[in-house]
Amino acid sequence: MKKAKLATIIRYQFVIIGLLISFALSIVMNVNTGTVDIPPLDAFKIILSNAEVGSMEHNIIWKIRLPRLLTAAILGGALSVSGFLLQTFFRNPIAGPFVLGISSGAKMVVGFVIIFVVGAYGTLPPYLLVLAAFAGSMLIMGFVLIFSRYTKSMPMLLVVGIMVGYICSAITNFFITFAKDNDIANLTSWSMGSFSGAAWGNLGIICIIVGISLLFSILLSKPMNAYRLGEGYAKSMGINIKLFRAALIVISSVLSACVTAFAGPISFVGIAVPQIAKLLMKSGKPIVIIPTCFLCGAVFCLFCDLIARTAFAPTELAIGTVTSLFGAPVVIAMMISRKRERS
Amino acid sequence: MQVKTKKLSVGYNKKSLISDIDLGVEKGKIVTLIGPNGSGKSTILKTITRHLEKIGGVIVLDQRNIEKWSNKELAKRMSVMLTERVAPELMTCHEVVALGRYPYTNAFGKLTPEDEAIVMDSLRLVRAEDLAYRLFTQISDGQRQRVMLARALCQQPEVLVLDEPTSYLDIRHKIELLDILQTLASQKQVAVLLSLHEIDLAAKISDWLICVKGDRIKVAGPPDEVFLDEKMCELYNLQTGSYNTLFGSVELTQPKGEPEAFILAGNSMGIPLFRLMQKYGLPFSTGILFENDADSQVARVLSDHVVMAPAFSSINDAHIAQAKQFIDQAPVFVHSGTPIREQNARYIELLEYAKSVKKPVLSRESFIRKLGSGNRKEMT
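Residues numbered from 1 in each chain as written. Chains lettered and ligands numbered in written order. Predicted model: local features only at pLDDT ≥ 70, side-chain atom pairs only at ≥ 80, totals over all residues. Heavy atoms only, no water.

Some details on the overall build of chain A
Alright, step 1. When its secondary structure is counted, chain A shows 14 helices and zero strands.
Alright, step 2. Secondary structure of chain A in N-to-C order comes out as α-α-α-α-α-α-α-α-α-α-α-α-α-α.
Alright, step 3. Expected size for 343 residues packed as a compact globule is a radius of gyration near 20 Å; at 21 Å, chain A falls within 12% of this value.
Alright, step 4. Taking the principal axes of the C-alpha coordinates as reference, chain A spans close to 60 × 55 × 35 Å.
Alright, step 5. Looking at chain A as a whole, 51% of its 343 residues qualify as buried.
Alright, step 6. Long-range pairs, those at least 24 residues apart, make up 76% of the contacts in chain A with a sequence separation of at least 6.
Alright, step 7. Accessible area for chain A stands at about 15600 Å²; split by element, carbon and sulfur atoms hold 73% of it. (Helix = DSSP H or I, 4+ residues; strand = E, 2+ residues; numbered from the N terminus. Rg over C-alpha atoms; globule rule 2.2 N^0.38 Å. Buried < 20%, exposed > 50% of the residue type's maximum accessible area, 1.4 Å probe, protein only. Contact = heavy atoms within 4.5 Å. Areas by Shrake-Rupley, 256 points an atom, 1.4 Å probe, with all protein chains shown as cover.)

Here's the deal with the packing of helix α12 (residues 269–281) of chain A against helix α13 (residues 286–310) of chain A
Residues and elements named next belong to chain A.
Alright, step 1. Running from N to C, α12 and α13 point in directions that differ by 120°, and their axes come no closer than 9 Å. Of the possible angle classes, the one that applies to α12 and α13 is oblique. As for how α12 packs across α13, the hand of that crossing is right-handed. Facing α12, whose interface residues are Val269, Val273, Pro274, Ile276, Ala277, Lys278, Leu280 and Met281, α13 presents Val288, Ile289, Thr292, Cys293, Cys296, Gly297, Phe300 and Cys301.
Alright, step 2. Each residue belonging to the contact of α12 with α13 can be placed in one class, and the counts come to 13 nonpolar, two polar and one charged. (Axes fitted to C-alpha atoms, helices over the stretch in contact; angles between N-to-C directions. Parallel < 35°, antiparallel > 145°, perpendicular 65-115°, else oblique. Left-handed = near helix turned anticlockwise from the far one by under 90°. Nonpolar A, V, L, I, M, F, W, Y, C, P; charged D, E, K, R; others polar.)

A look at the layout of surface pockets
Alright, step 1. Within this model, the second largest pocket holds a volume of roughly 1300 Å³.
Alright, step 2. In this structure, the second largest pocket is lined by 45 residues; those nearest its centre are Thr8(A), Tyr12(A), Ser283(A), Lys285(A) and Glu95(B).
Alright, step 3. Only α1 (2–32), α9 (221–227), α12, α13 and α14 (319–342) of chain A together with α3 (93–98) of chain B provide two or more residues apiece to the lining of the second largest pocket.
Alright, step 4. When residues of the lining of the second largest pocket are assigned to their parent elements, the largest contribution, eight residues, is made by α1(A). (1 Å grid on protein atoms, 1.4 Å probe; cavity = no way out; pocket = protein on both sides within 12 Å on 5 of 7 lines; lining within 4 Å. Points joined across faces, edges and corners; volume = space filled by probe spheres on them.)

Let's talk about the environment of Thr43(B)
Residue and element names in this part refer to chain B.
Alright, step 1. Mapping Thr43 onto the fold places it in helix α1 (residues 41–48).
Alright, step 2. Along the primary structure Thr43 and Thr5 are separated by 38 residues, whereas in three dimensions their C-alpha atoms are 14 Å apart.
Alright, step 3. Not counting residues within four places of it along the chain, the set of residues in contact with Thr43 comprises Val10, Gly11, Tyr12, Leu17 and Leu52.

Brief notes about the packing of aromatic side chains
Residue and element names in this part refer to chain A.
Alright, step 1. Tallied over the entire structure, the rule returns 10 aromatic pairs over all chains.
Alright, step 2. Summarising the aromatic geometry, the rings of Phe116 and Phe175 are spaced 5.4 Å apart at their centres and angled 85° between planes, so their arrangement reads as edge-to-face. Residue Phe116 is found in helix α4 (residues 102–121), and its partner Phe175 is found in helix α6 (residues 154–177); the two are separated by 59 residues along the sequence.
Alright, step 3. According to the relative accessible area criterion, Phe116 is partly exposed, its value standing at 33%. (Phe/Tyr/Trp six-rings, centres within 6.5 Å; stacked < 30°, edge-to-face > 60°.)

A few points about empty space enclosed by the protein
Space left empty within the atom packing is revealed by a probe, the size of a water molecule, rolled over the atoms.
Alright, step 1. Enumeration over the complete set of coordinates arrives at six cavities of 30 Å³ or more.
Alright, step 2. Volume-wise, the largest cavity comes out at about 130 Å³.
Alright, step 3. In terms of lining, the largest cavity is formed by Tyr233(A), Leu82(B), Thr83(B), Glu84(B), Arg85(B), Val86(B), Phe136(B), Asp141(B), Arg144(B), Gln145(B), Met148(B) and Tyr168(B).
Alright, step 4. Element by element, the count of residues in the lining of the largest cavity is highest for helix α5 (residues 141–154) of chain B, at four residues.
Alright, step 5. In this structure, the second largest cavity spans a volume of roughly 100 Å³.
Alright, step 6. Looking at the second largest cavity, the residues that line it are Lys235(A), Ser236(A), Thr49(B), Arg50(B), His51(B), Asn71(B), Leu74(B), Ala75(B), Met78(B) and Val80(B).
Alright, step 7. For the lining of the second largest cavity, the secondary-structure elements that each account for two or more residues are α10 (231–236) of chain A together with α2 (71–77) and β7 (78–81) of chain B.
Alright, step 8. Examining the composition of the lining of the second largest cavity, we find that three residues originate from one element, α2(B), more than from any other.
Alright, step 9. Of the residues in the lining of the second largest cavity, the class split is four nonpolar, four polar and two charged.

Some remarks on unusual backbone geometry
In terms of backbone geometry, most residues other than glycine have negative phi values and most peptide bonds are trans.
All names here are of chain B.
Alright, step 1. Each neighbour pair has its own omega, and for Gly287 with Ile288 the value is -15°, a cis peptide bond.
Alright, step 2. Here Ile288 is to be found in strand β15 (residues 285–290).
Alright, step 3. Of note, the phi angle at Glu164 is positive, near 40°, even though the residue is not glycine.
Alright, step 4. Relative to the helices and strands, Glu164 is located in the loop between β8 (159–163) and α6 (171–188).
Alright, step 5. The class of Glu164 is buried, set by a relative accessible area of 14%.

Topic: helix α3 (residues 56–90) of chain A
Residue and element names in this part refer to chain A.
Alright, step 1. End to end, α3 covers 49 Å across 35 residues, agreeing with the expected 51 Å (1.5 Å per residue, within 8%).
Alright, step 2. At Arg65, α3 shows its maximal kink, close to 35°; a proline, Pro67, follows between one and four residues later.
Alright, step 3. Burial analysis of α3 places 28 of its 35 residues in the buried class, which makes it a mostly covered element. (Expected span 1.5 Å × (residues − 1). Bend = angle between axes of the 7 residues up to and from the residue.)

A look at the domain arrangement of chain B
Alright, step 1. Its domain assignment divides chain B into domain 1 (3–236) and domain 2 (252–379).
Alright, step 2. Taking only C-alpha atoms, the centre of domain 1 of chain B and the centre of domain 2 of chain B are 46 Å apart. (Domains from an automatic or database assignment.)

Details of the interface of chain A and chain B
Alright, step 1. Each side of the interface is counted separately: chain A has 31 residues, and chain B has 37 residues.
Alright, step 2. It is Lys222(A), Leu229(A) and Tyr233(A) that lose the most area in chain A upon contact with chain B, and together they represent 25% of the buried surface on that side.
Alright, step 3. Counting the contacts that link chain A with chain B gives three salt bridges.
Alright, step 4. Glu116(B) serves as the salt-bridge partner of Lys5(A), at 3.1 Å between the closest nitrogen and oxygen.
Alright, step 5. Our count for the contact surface shared by chain A and chain B stands at 10 residue pairs in polar contact (both at pLDDT 80 or more).
Alright, step 6. Broken down by secondary-structure element, the contributors of at least two residues to the side of chain A that touches chain B are α1, α8 (200–219), α9, α10, α12 and α14 of chain A.
Alright, step 7. Top contributing element to the side of chain A that touches chain B by residue count: α10(A), with five residues.
Alright, step 8. Split by residue class, the side of chain A that touches chain B holds 11 nonpolar, nine polar and 11 charged. (Buried area = accessible area lost by both parts, 1.4 Å probe. Salt bridge = Lys/Arg side-chain N within 4 Å of Asp/Glu carboxyl O. Polar contact = N/O pair within 3.5 Å; in protein donor to acceptor, adjacent residues only side chain to side chain.)

Observations concerning the pattern of salt bridges
Residues and elements named next belong to chain B.
Alright, step 1. The full count for this structure, using the stated rule, is 25 salt bridges over all chains.
Alright, step 2. The partner of Asp121 in a salt bridge is Arg124, and the shortest N-O contact between them spans 2.9 Å. Taken together, the positions of Asp121 and Arg124, both in helix α4 (residues 113–125) and three residues apart, correspond to about one turn of that helix.
Alright, step 3. Through salt bridges with shared partners, a single ionic network connects Asp62, Glu73, Lys76 and Arg77.

Below is the structure:
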């Protein structure tokens, strides 16, 4: 008995240390590789002592690479936690912002803005795009929440989410019919996701939104743990189910809306990373998984962004391309291993 | 009364299904709801546990209207075992049981050493300590029910509500689970309210039985009052088969028609043969059975042609005459292998009579073999 507990604690420590090392490694690699390679030691000097102010290296690191890698890390973590919350809510491992049509909703509103607003006024302030994506994501989550009043069946609700996503795609395609080639190109590049728009200004807002949401999700980890036994048991243990479900869905939507707003839709991170986190920890305890998930998502997105930037430099890949390439196989592997575990 | 209802109405969507329910469970007692599928047993239980909104009436828990208790306070007084099957991912049994401490732990669900001790105690009570660090999804149904029971215990309730806890379980695990419930009620003085499918088991563990059928509770009481064959048959609407409350056994529909065999039975040697005949749809006659013989309990529901003698009496000429008549009607005579001693010494007369009228006399073994071979025509 004691042995089993000790083994769990040792496992937790190993995984966390491993993830922290990977995190550090991915930060270093992200800082020093790119079109201009900067040796790690120089990079350290520039970051820690703010040396060589005004040099090209200083500019690259402070103005481009640092905000970008921090954005990738925080948003990657946020997206993974959002996926984990949604999977808890739907009690279904394939639930995630991308599957539920949250991304499609964001794309719809962003498409509307790019095609019609820009068409009418000629310019596109960046904050408008962020607002549009946020509004689109929340719109879809709102729909799903409304439907959740009418059906108690989670698989059904998942199907509703997927269908709403299809409707959004249809409307987006309808917009595209009336769009100029230029706008279509803009929309397409947005919809594949990228961390290239990262800037210090946005990072502040991102930190606030993600920080608060994370805090709340940690506070929700106790009822989330009980919810794993299903609604009936959760209720019998004293949880206010309606309040809990609303809180869960709002937090996860805010997280994924935030990611979509600042980096576009990024597929598979939300599904794949929580699974990896659970497998690493060999546990599904929310209080353990939420931080692991965040760390794991940060590392995953940092590496994916590194590949996106450097694989075919100077041409940059969309982040969605890379995350799908690595995320989808993880999902398949996980489905197969789950089947095996059951039988 | 730890929990009681007054004029409670239950149902769905504001429509009442069953009304005027008055039930109560005392500390250390077991009250069981029985009744056919869809009769509303679960609806009553779910209303009492506040999973469903009641339509009318009052539920009192621990001397207070149940609506007045906060979710958390309710959870400290009442715990449940539901019918829904759960499959939490990567969750050990220990974690499942520890969830029972939910209403007692801090905001992050941290277990104190005291909580840990209660978790282990609960696991021990259901004899599942060795499962503690196994994954819940990887244990058997019987083990799962025991772990779920431990979880409910861990909540340290005054009232334990279980909705058909024995479904999915094989007979050994059913008995094991009910055994634990009995211990629990008597040792921990928990008030237990449950619903059961198995009326025979219900009769054995309950202090009070409630038959749920229709829109009112018509029959309730201690098992010996409620458990009459006719009441059970009516409750379950048994028209084709029958239910024997003494044995807790169910017999299927009686085969109709002219008897295909006379079975010389007694001393429980007849029951397997009677059931075999029923299985092949063959009517039979039998005798001469004493009323205190187990054979008579089954014979009277499976056949209309039974020669019955009062308990502890002896066989008289009238019995012999009736039996001879049955032997004449049946194409074969089967000797079940029942021992022939003082009280049934006149069985010899029947055997000799069968031989004298040239009836084929079959031993138990050859009869079973013939029935099994499907060569029933040859038998006659």
